[in-house]
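# Architecture at a glance
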Amino acid sequence: MKINCIAVDDEPLALDIMKAYCAKVPFLNLVGTFSNAIDTLEYLKMNTVDLMFLDIQMEELSGIQLLHSLKNKPIVIFTTAFDQYAIQGFELDVLDYLLKPIPFERFVKGASKALEQMQKQTDASPAEKPERAANINTNAFFFVKTETRIEKVNASEVLYVEGMGDYWRIVTKTRRIMTLMNAKGVEEILHEPGFCRVHKSFFVAIDKIEFVERKQIKIGELLIPVSDTYQKNFFELIEKHKMM
């Protein structure tokens, strides 16, 4: 699978680096580079791309303002020298957040995430029935408050919830939602029996676990640690599902 992508950055050197990086990744097809958001908007009015590597701080329109202007957004990976926009990035469902100077290995990891997401979208059949989560009511949902709105989240779509300072990040297959909440609040919304706290910073959906090895849980691309405090309860739940 080839990913048609563009790079947007007002620094010529940064665009040169993106060109070089994309040329080294076989599944990336860089179809355009842009030094400002206005030209990017004009291009996207007439063309469709799969992925956009996007700088944030630019003249006239910032990367964030550009995203707000788009009706049909491609997959977006922020490329920036500033880390204070991470929360806004997650609110905008940005796939990844690469901090400059970007190591090539980190760039490849972000690009691979985009490839995986596109493959999942391609493989999914419209006729397929929604995946039924073991011990999670597929009709269950909850609402969480973000900086700008209140969002509905279907419990059966949640992969894991990760604590990030004063915020918690709810991760599904298609979204990342940042919400200001304490651990008790997270426990209250994840009242379904299919969820389990495994670490002071992690709650996981039992049915989304790929494997458990040496007190680490594999969900998607992430290895989540199981701390001593929560391991007894977690492994008891695993035992109950061994024959399922």
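Residues numbered from 1 in each chain as written. Predicted model: local features only at pLDDT ≥ 70, side-chain atom pairs only at ≥ 80, totals over all residues. Heavy atoms only, no water.

Our next topic: a negative patch on the surface. A cluster of acidic residues, Asp10, Glu11, Asp39, Glu59 and Glu60, forms a negative patch at the surface. Examined against the element boundaries, Glu60 turns out to sit in the loop between β3 (51-54) and α3 (63-69). (Patch = residues over 30% accessible without salt bridge, like charges linked within 9 Å, V, L, I, M, F, W, Y side chains within 5 Å. Areas by Shrake-Rupley, 256 points an atom, 1.4 Å probe, with all protein chains shown as cover. Salt bridge = Lys/Arg side-chain N within 4 Å of Asp/Glu carboxyl O. Lys, Arg positive; Asp, Glu negative; His and termini not counted. Charge placed at Lys NZ, Arg CZ, Asp CG, Glu CD. Helix = DSSP H or I, 4+ residues; strand = E, 2+ residues; numbered from the N terminus.)

Another point: the sheet that holds strand β15 (residues 222-225). An order of β13-β14-β15 is seen for the three strands of this open sheet, with the pairing classed as antiparallel. Lying at the two open borders of the sheet, with one neighbouring strand each, are β13 (211-213) and β15. For this sheet, the mean angle separating the axes of adjacent strands, direction not counted, is 30°. Bridge count between strand β14 (residues 216-219) and β15: four bridges; the pairing is antiparallel. When the bridges of β15 are listed, Lys218 appears paired with Leu223. (Pairing = 2+ DSSP bridges. Axes fitted to C-alpha atoms, helices over the stretch in contact; angles between N-to-C directions.)

Our next topic: the pattern of salt bridges. Under the counting rule described, the total for this entry stands at 13 salt bridges. The salt bridge partner of Lys100 is Asp9, with a shortest N-O separation of 2.6 Å. On the criterion of sequence distance, the pair formed by Lys100 in the loop between β5 (96-99) and α5 (104-123) and Asp9 in the loop between β1 (3-8) and α1 (12-24) is long-range, its members being 91 residues apart. Given a relative accessible area of 21%, Lys100 falls into the partly exposed group. Look at Asp9 and you get buried, because its relative accessible area is 2%. For the salt bridge of Lys232 with Glu236, the shortest nitrogen-to-oxygen distance reads 2.7 Å. Taken together, the positions of Lys232 and Glu236, both in helix α7 (residues 228-240) and four residues apart, correspond to about one turn of that helix. Judged by its relative accessible area of 60%, Lys232 is exposed. (Buried < 20%, exposed > 50% of the residue type's maximum accessible area, 1.4 Å probe, protein only.)

Okay, helix α2 (residues 37-46) next. Along α2, the positions that sit buried rather than exposed are Ala37, Thr40, Leu41 and Leu44. Mapping the buried residues of α2 onto a view down its axis gives an arc of 100°, with all of them on the same face. Summarising the geometry of α2, the exposed residues directed more than 90 degrees from the buried face are Lys45 and Met46. Residues of α2 that are buried sit in contact with β1, β2 (28-34), β3 and α3. The N-cap of α2, judged by a side-chain oxygen 3.2 Å from the amide nitrogen of Ile38 a few residues on, is Asn36. (Arc of directions from axis to C-beta. Contact = heavy atoms within 4.5 Å. Polar contact = N/O pair within 3.5 Å; in protein donor to acceptor, adjacent residues only side chain to side chain.)

Before going further, it helps to spend a moment on the pairing of strand β4 (residues 75-80). The buried fraction of β4 amounts to six of the six residues, a majority that puts the element mostly inside the structure. Taking every second residue as pointing to the same face, both faces of β4 are buried, with Ile75, Ile77 and Thr79 on one and Val76, Phe78 and Thr80 on the other. In this sheet, β5 lies alongside β4 in parallel orientation, the contact comprising four bridges. If you follow Ile77 over to β5, its bridge partner there is Asp96.

Its location among the elements puts Arg169 in strand β9 (residues 167-172). At 2.6 Å, the side chain of Arg169 forms a polar contact with the side chain of Glu162.

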